[in-house]
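Structure assessment
If you want the building blocks of each chain, they are given just below.
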There are 2 protein chains.
Amino acid sequence: MIKKSDLIKVSIDTLGSETSISNIIKGLNTSFLRNDNYFFRLFGSQEQLNHELKKFSALKNNVEIIHCDEVIEMNDKPSEVIKSKKNSSMFRSIKSILETDSQAILSCGNTGALMALSLLNLKTLSSIKRPAIASIWPNINGESIVLDLGANIKSDSQFLIDNAILGTSLASTLLKIKNPTVGLLNVGREESKGNEVLQKTSQELSELDTKGLINYFGFIEGSDISNGVTNVVITDGFTGNIALKTAEGTARMIQTFLKNSLKSSLISKLGAFFATFALSSLKEKLDPRVHNCGIFVGLNAPVIKCHGASDHVGIAYAADLLYILIKGNVNDKIKNNIEKKDSDYI
Amino acid sequence: MIKKSDLIKVSIDTLGSETSISNIIKGLNTSFLRNDNYFFRLFGSQEQLNHELKKFSALKNNVEIIHCDEVIEMNDKPSEVIKSKKNSSMFRSIKSILETDSQAILSCGNTGALMALSLLNLKTLSSIKRPAIASIWPNINGESIVLDLGANIKSDSQFLIDNAILGTSLASTLLKIKNPTVGLLNVGREESKGNEVLQKTSQELSELDTKGLINYFGFIEGSDISNGVTNVVITDGFTGNIALKTAEGTARMIQTFLKNSLKSSLISKLGAFFATFALSSLKEKLDPRVHNCGIFVGLNAPVIKCHGASDHVGIAYAADLLYILIKGNVNDKIKNNIEKKDSDYI
C-alpha cells in the first residue's frame, strides 16, 4: 500500500490561458497513468473540474480541488496582480507550496505574473539571486538545456555562473547525463570573443571546472546549440529569448515551406503521401508542444510554465517533467552545488 | 558602343579563403553574363587567374589582373595585418577603391581583417560612426534585411538608428521595396519591453518615422524575423550574430532530420524520390550559398564578404548583389538620408 508521503504532489493552476480545462485534465491523466503515485492539487472552477474528471475515474481519486474563480489574465501587469489578485488560481497554487505538501507548480498562464509571484512567495534557493527560465531544446544528437530564456534581460556574471550550476543539475536530472558539458553563448568560440562580462564569466567558469563543480566547454556560438556541441547552454535572458524565438520561427518557416512544396504538384503530393511516416517523425522531433515548456529554476520549488495554447500532449509532457524533477531531487542537487561553489569562494 | 565610364567595376580579392580560384572565376562569369557592362579587377595570382580565365573568353576581355602573392590568412589577427600585409590581395583590392575607378569590393577572406582594413581605408559614409554587417534573410513572405550581424557587439542607440537608415536603403535597393518597414529586435513587441538603450532607440525611431525618414514598425521579436513582419530588422551585432547562427543551425538541423527520416525505410525512400522536386525547391529557398553574404554597409564603398567556403553559385550571387547596389546608387541614398536625419536634429 502507498503511504501518503510517497505521493508526488503537484499544484496545477487551471485558469488564465487559452488552454481548456478539458485539455489540462486529459493531459494530467496521461501523465498520471505514466507515473506512479502522482497526485494533483487542482486550482480552478470546482464545477468544471468535476465535470472533466468524470471521464477519468482513476485520476479522480488522486486529485484535490481547490475552488478559485479569480483569474490572472494574460495581459494583467505582474506588478499589479501581486497586490490585487490574492485569490486567483495562480496565486493560490503558488501559496500551496508553503501551506500544503505540494512540491511543484504547473501553469499555462501569464509568464510575467507567474515569475513575479513565484519569486515573491517561493523565494530563491540558497544564495541564488535570481531564478532563470530554462527549456529543453532539440539538437542533432538529442536534447540540451538552454537558460536563461527571458527571466533576466541584463547580462551579469554572477547570474550566468548560477545558470551554469542550475543547467548542470537540470541536465543530469532531466536528460540523465553524467557530468554534462556547459557552453557559454558568444559570437564565436575563440577565447578573445565577446564583451567584458562574458570574458570574466568564462574565467570564473574555468575555475569552477578545475574544482570539479561543472564541466565547462568554453564559448559556443549560435549554431552550436542545434549542433548539440554542449549539453547545457548558458546565456542572459535577452540573448536567450531572441535565440529561442528565432529558432522557433525558423523551424516554423521551414515546415511551412515544406508543406507548401509538397502540395505544389501531383507528383509532390504522391511523394508527400509516401513520406508521411518520415515527415511525422520529423514533426515529432521538433514538436513545439513538448519543447515549449519554460522551467523556472533556482526557486525553492520547481515551477513549469506551459505554453498558453498547450494541448493535452504539452500538458502531459510538462507534468512528466515535474515528476522527474521532484523524483530526481533536483533542488537538493542545486543547493548542494551552489553551497559547494560558495564555500570554495570563501 | 559602351563607354568605359558606363562600366560597373568591382575589385575582387581572390586569395585567403577555402574557395578555389576556379570557383571564383566561374561565379564571376555567371554574374558577368547576367549583368550588362560588368568589369572585374582581380587581385591574386596572375598565373592561376589567367589559367582559369581561358575557359571564359568573353569574361577574359572584361577583367584586369593585379598580381599579388601576399595572402591574409583566415587566422591572421586584424590588428596585425593592418600594418604588416600591405601587399596582400585584400589590402590592395580595398586600396583600389581610392586609387582606381573600382566602385566596390568582393572577398571570401578573413572577415575581421576585411572589416578593419575597409574601415581604415574606405572610412565611413557621412556622419556614420561605425559600419554594420547586413544580410538578406529568407522569410515566409520573401526576404528581409537584417543588421548588424557582428560588426559591433556593443548595444548603442546611435548605431541602431544609423542601422535603421542603412537597412532602409538596402531594402529599397536590393529588395525593391518602397518605404520598407523597420523593426527593432527585442524580447517582445510590447512598448515596455527591453532595456534602456532599446527604449531610447525606439523613441528616436518613432520621431524619424514622424518626419518621414523611415517607416518604423516598433519592437519585434525573434520569431517575427522569419514571419516577415518587417522588411528590415535592426539589432546590435552581438544579438544579430547569435540570431543568425541560431537560425542557420536550426535550418541545418531540420534538413538533416528530414534527410535521415526520408532514408529510414523503403517506403520513405520512395516518398523521397517522388518529393525530390518539392524538396529541392525548399533547399533553394534556404540555400545558405545565397544567404551567407555579409554586406558591409555604411562605408564609402559597398563591400561584400562571401562565406569562406562559397562555391560558384555563392560568388555569382554576391557579384549580382554588388551590381545592384552600385546600379541603384545605394550609397547616395544612404548619404542623402543620413544628412536629412542630421539636419533635422539640428
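Worth saying up front: this structure is predicted, and the values here are computed from it rather than measured.

Another aspect to go through is the pairing of strand β4 (residues 104-107) of chain B. All names here are of chain B. Burial along β4 is two-sided: the residues Ala-104 and Leu-106 and Ile-105 and Ser-107 are all buried. Of the strand pairs in this sheet, β4 and strand β11 (residues 303-305) are connected by 3 bridges, and their pairing is parallel. Bridge pairing in β11 places Ser-107 opposite Lys-305.

All names here are of chain A. One can describe the packing of helix α7 (residues 157-174) onto helix α14 (residues 312-327) by two numbers: an axis separation of 9 Å at closest approach and a directional angle of 105°. By the angle between their directions, the pair α7 and α14 is classed as roughly perpendicular. Along its contact with α7, which presents Leu-170, Thr-173 and Leu-174, the element α14 presents Leu-321, Ile-324 and Leu-325. In the contact of α7 with α14, the residues fall into 5 nonpolar, 1 polar and no charged.

Judged by pairing direction, the sheet is mixed, and its 11 strands sit side by side in the order β3-β2-β1-β4-β11-β10-β5-β6-β9-β7-β8 (chain B) without closing on themselves. Of all strands in the sheet, those with a lone pairing partner are β3 (63-67) and β8 (215-220) of chain B, marking the two edges. Put simply, the sheet's adjacent strands are angled 25° from each other on average, direction ignored. As defined by bridge partners, strand β6 (residues 142-147) of chain B adjoins strand β9 (residues 232-234) of chain B across 3 bridges and the pair is classed as parallel. Across the sheet, residue B:Ile145 finds its bridge partner in β9(B), namely B:Val232. Sheet strands touched by helix α10 (residues 237-262) of chain A: β5 (132-139) and β7 (181-185) of chain B. Its angle to β5(B), the strand with the most contacts, is close to 40°. Contacting β2 (38-44) and β3 of chain B, helix α2 (residues 46-53) of chain B runs over the sheet at an angle of about 155° to β3(B).

With that settled, the discussion passes to the packing of aromatic side chains. One pass over the full model with this rule turns up 4 aromatic pairs over all chains. Judged by centre distance (4.5 Å) and plane angle (50°), the rings of A:Tyr38 and A:Phe40 are tilted. Geometry around A:Phe159 places A:Arg130 over its ring, the cationic atom sitting 5.0 Å from the centre. In this arrangement the basic side chain of B:Lys9 is found over the ring face of B:Phe39, its NZ or CZ atom lying 4.9 Å from the centre.

Residue and element names in this part refer to chain A. Along its sequence, chain A is organised into domain 1 (1-126 + 298-331) and domain 2 (129-294). The junction of domain 1 with domain 2 conceals about 1600 Å² of combined surface from both sides, 73% of it contributed by carbon and sulfur atoms. At the boundary of domain 1 and domain 2, one finds 0 salt bridges. Inspection of the domain 1/domain 2 interface yields 1 residue pair in polar contact (both at pLDDT 80 or more). Secondary structure elements with two or more residues in the side of domain 1 that touches domain 2: α6 (111-122), β11 (303-305) and α14. Among the elements that make up the side of domain 1 that touches domain 2, the one with the highest residue count is α14 (7 residues).

What counts and how
Residues numbered from 1 in each chain as written. Chains lettered and ligands numbered in written order. Predicted model: local features only at pLDDT ≥ 70, side-chain atom pairs only at ≥ 80, totals over all residues. Heavy atoms only, no water. Buried < 20%, exposed > 50% of the residue type's maximum accessible area, 1.4 Å probe, protein only. Helix = DSSP H or I, 4+ residues; strand = E, 2+ residues; numbered from the N terminus. Pairing = 2+ DSSP bridges. Axes fitted to C-alpha atoms, helices over the stretch in contact; angles between N-to-C directions. Parallel < 35°, antiparallel > 145°, perpendicular 65-115°, else oblique. Contact = heavy atoms within 4.5 Å. Nonpolar A, V, L, I, M, F, W, Y, C, P; charged D, E, K, R; others polar. Phe/Tyr/Trp six-rings, centres within 6.5 Å; stacked < 30°, edge-to-face > 60°. Lys NZ or Arg CZ within 6 Å of the ring centre and 35° of its normal. Domains from an automatic or database assignment. Buried area = accessible area lost by both parts, 1.4 Å probe. Salt bridge = Lys/Arg side-chain N within 4 Å of Asp/Glu carboxyl O. Polar contact = N/O pair within 3.5 Å; in protein donor to acceptor, adjacent residues only side chain to side chain.

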